[in-house]
Amino acid sequence: MRILIIEDDEQLCETLKLQFEHHGIESDCVHSGLDALYYVMQSVYDLIILDRMLPGMDGIALLKIIRENNIHTPIILATAVDSVEERIAGLDNGADDYLVKPYDIGELLARIRALCRRPDTLEASGTLLSYEDLEFSPANLELSRKGISSPDAKLRLSRREAVLLEYFLLHPNQTLARQLIYTRVWGPDGEVEDGNLDTYIYYLRKHLRTLKSRVRIQTIHGIGYRLEAGE
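Residues numbered from 1 in each chain as written. Predicted model: local features only at pLDDT ≥ 70, side-chain atom pairs only at ≥ 80, totals over all residues. Heavy atoms only, no water.

**Q** Run through the pairing of strand β4 (residues 75–79), naming residues and quoting values.
**A** The element β4 is largely enclosed, with a buried count of five among its five residues. Direction of pairing for strand β3 (residues 47–51) relative to β4: parallel, over a ladder of four bridges. Looking at the pairing, I48 lines up with I75 of β4. Here β4 runs beside strand β5 (residues 97–100); their pairing, made up of four bridges, is parallel. Along β5, the bridge assignment pairs A78 with L99. For the crossover from β4 across helix α4 (residues 84–92) to β5, the handedness is right-handed. (Buried < 20%, exposed > 50% of the residue type's maximum accessible area, 1.4 Å probe, protein only. Helix = DSSP H or I, 4+ residues; strand = E, 2+ residues; numbered from the N terminus. Pairing = 2+ DSSP bridges. Right-handed = clockwise from strand over helix to strand, strands pointing away.)

If you want it as structure tokens, here you go:
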């Protein structure tokens, strides 16, 4: 699991980073809203811990930009202000959870486990996802080619295939590490053989060939896979 910590308190950042390392969690730390935006746009994380008050850009403003860019990474908003209005503002603008400072590391870890425990579920169930010549409806697990009405240009996926494809479509042109894919599709505690992922990648590639799509799933040797447009 990989977490982005967005927190202007550098001492708290280092404390969290050490605690996460102890529990086998990788993490990056940034201390301003503008730096955080760069990290969020350039990398893929399993979860983000976002401080409400940040230099350069307010936490709520950053939260809005993240969600407006269709980045669905779970976000825990952390703040020293414990009020109903603050909680409502955070949750209404896209936060998945809310934690009041100072918080117990045990509670934070429990909330992280709860938010990342989403195997075999779709994030964008009410949204039609589109990339290049593909359209995917998470609501009915249907993958199709744009602008073609032929029955041959539409496929229904299994739920596991759908979760995997959705993850690629939410992060096109980004290299997704195998471990990140395992966490998203099978869950952080899921027991899965290494070959299972390769099998589902094979299924998705077969579906793309069936649809005659120019979208490809490329193998990035030693790292993972990337969804991109071919020639």
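**Q** Provide a residue-level description of the packing of helix α2 (residues 33–42) against helix α3 (residues 59–68), including the pertinent values.
**A** Packing of α2 against α3 brings their axes to within 10 Å, and their N-to-C directions diverge by 20°. Of the possible angle classes, the one that applies to α2 and α3 is roughly parallel. Remark: the crossing between α2 and α3 carries right-handed chirality. On the side of α2, the interface is formed by G33, A36, L37, V40 and M41, while α3 contributes L62, I65 and I66. Its residues assigned to classes, the contact of α2 with α3 shows seven nonpolar, one polar and no charged. (Axes fitted to C-alpha atoms, helices over the stretch in contact; angles between N-to-C directions. Parallel < 35°, antiparallel > 145°, perpendicular 65-115°, else oblique. Left-handed = near helix turned anticlockwise from the far one by under 90°. Contact = heavy atoms within 4.5 Å. Nonpolar A, V, L, I, M, F, W, Y, C, P; charged D, E, K, R; others polar.)

**Q** Any chance you could break down the sheet that holds strand β8 (residues 142–145) for me, citing the residues and the numbers?
**A** Two pairing modes exist for strands in a sheet, parallel and antiparallel, and in both the strands are linked by backbone hydrogen bonds. Strand order in the open sheet formed by four strands is β6-β7-β8-β9, and the pairing between neighbours is antiparallel. Where the open sheet ends on each side, the last strands, each with one partner, are β6 (129–131) and β9 (154–156). Taking the axes of each pair of neighbouring strands and ignoring which way they run, one obtains an average angle of 15° across the sheet. In the sheet, β6 pairs with strand β7 (residues 134–137) via three bridges, with the strands oriented antiparallel. Counted as the bridge partner of Y131 is L134 from β7.

**Q** Can you break down a negative patch on the surface residue by residue, with the values?
**A** A contiguous patch of negative charge, built from D8, D9, E10, E14 and E21, is present on the exposed surface. Secondary-structure assignment places D8 in the loop between β1 (2–6) and α1 (10–22). On the basis of relative accessibility, which here comes to 37%, the residue D8 falls in the partly exposed class. (Patch = residues over 30% accessible without salt bridge, like charges linked within 9 Å, V, L, I, M, F, W, Y side chains within 5 Å. Areas by Shrake-Rupley, 256 points an atom, 1.4 Å probe, with all protein chains shown as cover. Salt bridge = Lys/Arg side-chain N within 4 Å of Asp/Glu carboxyl O. Lys, Arg positive; Asp, Glu negative; His and termini not counted. Charge placed at Lys NZ, Arg CZ, Asp CG, Glu CD.)

**Q** If you had to explain the sheet that holds β5 to someone new, which residues and values would you point to?
**A** Across the sheet, five strands lie side by side as β2-β1-β3-β4-β5; this open sheet has parallel pairing. The outermost strands of the open sheet, each flanked by one partner alone, are β2 (26–30) and β5. The sheet shows a mean angle of 20° between the axes of neighbouring strands, direction not considered. Set on the sheet, helix α5 (residues 105–116) makes contact with β1, β3, β4 and β5; between it and β5 the angle comes to about 175°.

**Q** Tell me about helix α7 (residues 178–186), and please be specific about residues and values.
**A** Across the nine residues that make up α7, a large majority, eight, are buried. Listed in full, the buried residues belonging to α7 are R178, L180, I181, Y182, T183, R184, V185 and W186. Note on α7: the residue one or two positions beyond its end, G187, has a positive phi of about 95°.

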